[in-house]
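The chain contents come next:
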Amino acid sequence: MFRNSRRWFSVAMLMLVCSGCVSWKQKMAILDSESQDLVEQVRVASESGRQEQAAELLKQAVASNPNNAAVRQQLSEFLIANGYSEEAIQQLQKTTVLAPDDPRPYIDLSYLLYEKKQYTDALKNLELGLMLDPTNIRALILKGELEELAGLNSSAVETYHRVLQVEPYNIVSRLKLAGLEIKLGEPNRATPILRPICHNTSATIDQRAEAEWLLGIAYGAESRWSDSVACLEQALKNRDKVSADDWYRLAYACLQANQMEKVYPAVTQALTLNPMHTETNRLSNFLTQQSNRMNIQQASLHTPLQQPGFIGQEPERIPIETLQPPQGWERNKSHSVSAARPLVP
């Protein structure tokens, strides 16, 4: 009798627990349905330009079902798109707890922390995201940038190569890798990376201009001055922001290539942007001295000179070695590690 009672009690408890499970699942299903309805309303409001209403609806969706990681992820994406970075960081941090196996919140969080210059935390979250998704292009490119900022140039080169293993013609990674190779004093490794981009119709105008500019720097580092001038001039036609440093670089390349007719306009452009630009002012002074000597030589054809023998002689050359070369064109140094790294295909 007692044994039967215990059996009936166990069955009753099991039925009660199962009933509770069904009730809980039903409740969660209702909450998920309500959240998704609100998310759909967010989409409609957002597409109609009612951003404030969309934000409020998303917050309601999260409040109605705070444990739904997908809704929080959607809210964070909306916040990022509309510039609410602080709120997005809070949502993403909670999402990583609710969905620890989803790489997206880690990677999105890394980008926001990177923008706030919290590089250590950004890299920490990035590593977690890459553990879950090792071939994520967006994450790998950010990892390379963070490694460059930390001065880990060899690691950054390896990271950009990882991108190219996944996506061989990734233009962003190729540009970053080429710039890094130039920085490391290996322009010969940069040129084969850059040349195809200059004529790649799938690249944006900005990307092609950047490739032309870097190619001009690489050629200059190899003392191929005429090629350098041609690339730099082409790049300047399409670059959005041009600085006095950029114009000084072109002037210096033209000077080295002995294309004097191009030096003067470049110097003028540089001093227009920054009248106090030190090296351009020094170059301008040298040009003025040379111009004065040339004027004296022309005048001597009609007026006897005080200095016999000056007629027909070359004006004194500009002492190029006294000018400070633009960054990347300092005296070349040998790098013993260059042979250990493969060239990009």
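The rules behind these values
- Residues numbered from 1 in each chain as written.
- Predicted model: local features only at pLDDT ≥ 70, side-chain atom pairs only at ≥ 80, totals over all residues.
- Heavy atoms only, no water.
- Helix = DSSP H or I, 4+ residues; strand = E, 2+ residues; numbered from the N terminus.
- Buried < 20%, exposed > 50% of the residue type's maximum accessible area, 1.4 Å probe, protein only.
- Contact = heavy atoms within 4.5 Å.
- Areas by Shrake-Rupley, 256 points an atom, 1.4 Å probe, with all protein chains shown as cover.
- Core = buried A, V, L, I, M, F, W, Y, C linked by side-chain atoms within 4.5 Å.
- Axes fitted to C-alpha atoms, helices over the stretch in contact; angles between N-to-C directions.
- Parallel < 35°, antiparallel > 145°, perpendicular 65-115°, else oblique.
- Left-handed = near helix turned anticlockwise from the far one by under 90°.
- Nonpolar A, V, L, I, M, F, W, Y, C, P; charged D, E, K, R; others polar.

Draft legend 1. Up close: the overall build of the protein. The number of helices and strands found in the protein is 15 helices and zero strands. Scored against the burial criterion, the 345 residues of the protein give a buried share of 41%. Restricting to contacts in the protein with at least 6 residues of sequence separation, those with at least 24 account for 52%. Surface summary for the protein: the accessible area is close to 20200 Å², and the carbon and sulfur share equals 54%.

Draft legend 2. Structural context of the nonpolar core. Grouped together as the largest cluster of nonpolar side chains are 51 residues, with contacts concentrated most on L194, L250, V263, L283 and W329. The element that contributes the greatest number of residues to this core is helix α13 (residues 244-256), accounting for nine residues. For L283, the contacting residues outside a window of four places in its chain are Y248, A251, L255, V263, V267 and L323. Membership of the second largest hydrophobic core comes to 23 residues, among which are F78, I89, A139 and V163.

Draft legend 3. Examining the packing of helix α5 (residues 103-115) against helix α6 (residues 119-132) more closely. Packing of α5 against α6 brings their axes to within 8 Å, and their N-to-C directions diverge by 160 degrees. Overall, the two elements α5 and α6 adopt an arrangement that is roughly antiparallel. When the axes of α5 and α6 are compared, the crossing they make is left-handed. Contacts from P103, Y106, I107, L109, S110, L113 and Y114 of α5 reach α6 at Y119, D121, A122, N125, L126, L128, G129 and L132. Per-class residue counts for the contact of α5 with α6 are 11 nonpolar, three polar and one charged.

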